[in-house]
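Structural overview
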Amino acid sequence: MLIRKERCVGCGRCQPYCPAGAIYFEEIKSAVDQEKCYECGTCLRSQICPVEAIEESPQVYDYPRALRKYFSDPNATHALTGIAGRGTEESKTNDATNRVGPDDVGIAIEVGRPTMGMDLTNIQKITRAMAKAGITAIEPENPFNDMILDSQTGDLKPELMGERVLSAIMEIKVKRPDLGPILRTLKEVAKEVDSVFCVDVITRLEPGLTIPLEVIKTIEAEGFTWRPNAKINMGIGRANKRKES
Amino acid sequence: MTHSLHREGPIDLLEREYVLFVYPARGFNYEGSEPKIRRLAELIYTQKPANMLVSTLRKNLYSGVKPEEWFASIKDGAKVYCVFNNREQLKKALTRIKEKDEGISIMVSGLIDRVREIAAEAGLHPHTINLSLGIQGNKDRLPPPDIRQFTTMCGHGMVSPKLVRDVIRRIKTGKLDFWEGSIILASPCTCGIVNPYRSAEMLKDLIPLYTVNQL
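None of these values were measured; they are calculated from a predicted model.

This part covers the overall build of chain B. Each helix and strand in chain B was counted, giving nine helices and five strands. In sequence order, chain B lays out its α and β elements as α-β-α-β-α-β-α-β-α-β-α-α-α-α. The C-alpha radius of gyration computed for chain B amounts to 18 Å, which stays within 12% of the reference 17 Å derived for 215 residues, consistent with globular compactness. Seen through its C-alpha atoms, chain B measures out along the principal axes to roughly 55 × 35 × 30 Å. Out of the 215 residues in chain B, the part that is buried amounts to 53%. A fraction of 73% describes how many contacts in chain B between residues 6 or more apart in sequence connect residues 24 or more apart.

Shown next as structure tokens:
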């Protein structure tokens, strides 16, 4: 994002809206710290500027800066997935797609959440730790695949190292017995990461909204607990009879 | 879109709040979903959610948008996002959605125990759960919990901690009332799931605890 200096009246109203804290006073006008800016567009969408001085920067869709936009602006459709959002459809449509089967477990690693964002150098710490533990099963349509240079080492593409994103979701699908080692790896790498990430576990339910005991036991054995609120697929979606293109 | 999964706050507030999504599946029931999504959006609107929007016109309930504009914008693959203020409203909405039988996926975010009860009462059989195992990493860098209970209502992180503090300051100095402040806090969320009723309640609790140095 950028603020046109010749228009800005220095009222500062836009500054609190920026999730990155990237808007600051440069003498008497507001300016955007390009290093900090996530290109999320919140300042522009707020329509708070009385003189329309806020604009999208012309370079916002240039690679690799475009990554900031794709992973930070919920309205931006990711070029790889065609989905607006940080990951894929994960559990939301599982009743129609059955992507996570009865013996599977999905794991989502939401880097930068809540609220803080993360630079790609820190994200690479996670991808490298996962690769080192032999975990390379990132969901095929997940946009993380587009950032990875070598899935065996977990190295990200070097040109991305200067970028940062508000949130990106790495999604993995494994068989239930493989959940433990992944949680262990995440617990270890969390000590090295200079930001935050959230871990989600996606599993099919047993009748009566019962979480499978095997999954619960694994989570507890690895020293994790789950929050009392969760996202639940209500089981009324279904696939069309005719296959879509 | 795990962005409704990590809402923080006291259990008595979480207990009264349920996020509901209507979500067609790309490659499975996406094509031809337009009229189904429109019918579901209309149904949800009549159940008086605390906030709402459709993905094809990302203007929330308090933006001045007319519901007819939302419904007219809907096309194949559109999603509907909303948040309800109590379990009875959610139950009524789910019961009617079930009766419609449009075949589109419905997600509910809320306290697991409460959603279990509501699903049973509505005759639904939940299929999949997404559990949050909480925050990992350098948590010292996070904003404090009293600010996070506002910011995590938008899981995409669009509600800045600075905006929460700014709204607190403006209420404290008499420039805004609680409801006006809550509407401002709901505005950056482009999914329409920040609940201004809950924000207003939390602001009332929080305001006496803050001091401001600028009148």
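Glancing now at the confidence of the model for chain B. When pLDDT is averaged along chain B, the result is 94; 98% of the residues meet or exceed 70. Prediction confidence for the complex, expressed as pTM and ipTM, is 0.94 and 0.96 respectively.

Turning next to the interface of chain B and chain A. Each partner contributes to the interface: chain B provides 68 residues, whereas chain A provides 68 residues. Residue assignment for the side of chain B that touches chain A shows that the elements contributing at least two residues are α1 (11–14), β1 (18–23), α4 (87–100), β4 (105–111), α5 (112–122), β5 (128–137), α6 (145–151) and α7 (161–172) of chain B. For the side of chain B that touches chain A, the element with the most residues is β5 of chain B, which contributes ten residues. Its residues assigned to classes, the side of chain B that touches chain A comprises 31 nonpolar, 26 polar and eleven charged. As paired strands, strand β11 (residues 196–204) of chain A and β5 of chain B are joined by eight bridges and run antiparallel to one another. In the strand pairing of β5 of chain B, Ile202 of chain A is matched with Asn130 of chain B.

Attention now moves to the domain arrangement of chain B. Residue and element names in this part refer to chain B. Each domain of chain B was delimited in the assignment, giving domain 1 (11–122) and domain 2 (139–209). Taking only C-alpha atoms into account, the centre of domain 1 sits 23 Å from that of domain 2. The interface is formed by 15 residues belonging to domain 1 together with twelve residues belonging to domain 2. Elements represented by at least two residues in the side of domain 1 that touches domain 2 include exactly β2 (51–54) and β3 (80–84). Taken together, the residues of the side of domain 1 that touches domain 2 sort by class into ten nonpolar, three polar and two charged.

Residues and elements named next belong to chain B. Taking every second residue as pointing to the same face, both faces of β2 are buried, with Asn51 and Leu53 on one and Met52 and Val54 on the other. As defined by bridge partners, β2 adjoins β3 across four bridges and the pair is classed as antiparallel. Bridge pairing in β3 links Asn51 to Val83.

Turning our eyes to something else, we now look at the domain arrangement of chain A. Residue and element names in this part refer to chain A. Domain boundaries in chain A define domain 1 (13–55) and domain 2 (85–221). Of note, the centres of domain 1 and domain 2, computed from C-alpha atoms alone, are 32 Å apart. Each partner contributes to the interface: domain 1 provides four residues, whereas domain 2 provides five residues. For the side of domain 1 that touches domain 2, a count of residues per class yields four nonpolar, no polar and no charged.

All names here are of chain B. Position of Thr56 relative to the elements: it lies in the loop between β2 and α3 (67–73). For Thr56, a count of 19 C-beta atoms within 10 Å puts it in the partly exposed group. C-alpha separation for the pair Thr56 and Phe71, spaced 15 residues apart in sequence, amounts to 9.2 Å.

Our focus in this paragraph is the sheet that holds strand β10 (residues 168–175) of chain A. Spatial ordering of the open sheet is given by β10(A)-β5(A)-β11(A)-β5(B)-β12(A)-β4(B)-β1(B)-β3(B)-β2(B), a layout of nine strands whose pairing is antiparallel. Here the strands that pair on one side only, and so sit at the sheet edges, are β10 of chain A together with β2 of chain B. Strand-to-strand twist across the sheet, computed as the mean angle between neighbouring axes with direction ignored, equals 20°.

Glancing now at the nonpolar core. By size, the foremost hydrophobic cluster in this structure holds 123 residues, and its most contacted members are Ile109 of chain A together with Leu20, Ile106, Val108 and Val159 of chain B. Beyond its immediate sequence surroundings of up to four residues, Val159 of chain B is in contact with Phe150, Thr151, Met153, Cys154, Val164, Leu185, Pro188, Cys189 and Val194 of chain B.

Our next topic: helix α4 (residues 120–132) of chain A. Taking 1.5 Å as the rise per residue, α4 of chain A with 13 residues should run 18 Å; its terminal C-alpha atoms sit 18 Å apart, in good agreement. Within α4 of chain A, burial applies to Leu120, Asn122, Ile123, Gln124, Lys125, Ile126, Thr127 and Met130 of chain A.

Basis of the calculations
- Residues numbered from 1 in each chain as written.
- Chains lettered and ligands numbered in written order.
- Predicted model: local features only at pLDDT ≥ 70, side-chain atom pairs only at ≥ 80, totals over all residues.
- Helix = DSSP H or I, 4+ residues; strand = E, 2+ residues; numbered from the N terminus.
- Rg over C-alpha atoms; globule rule 2.2 N^0.38 Å.
- Buried ≥ 20, exposed ≤ 12 C-beta atoms within 10 Å, placed from the backbone.
- Contact = placed C-beta atoms within 7 Å.
- pLDDT = per-residue confidence, 0-100.
- Nonpolar A, V, L, I, M, F, W, Y, C, P; charged D, E, K, R; others polar.
- Pairing = 2+ DSSP bridges.
- Domains from an automatic or database assignment.
- Axes fitted to C-alpha atoms, helices over the stretch in contact; angles between N-to-C directions.
- Core = buried A, V, L, I, M, F, W, Y, C linked by C-beta atoms within 7 Å.
- Expected span 1.5 Å × (residues − 1).

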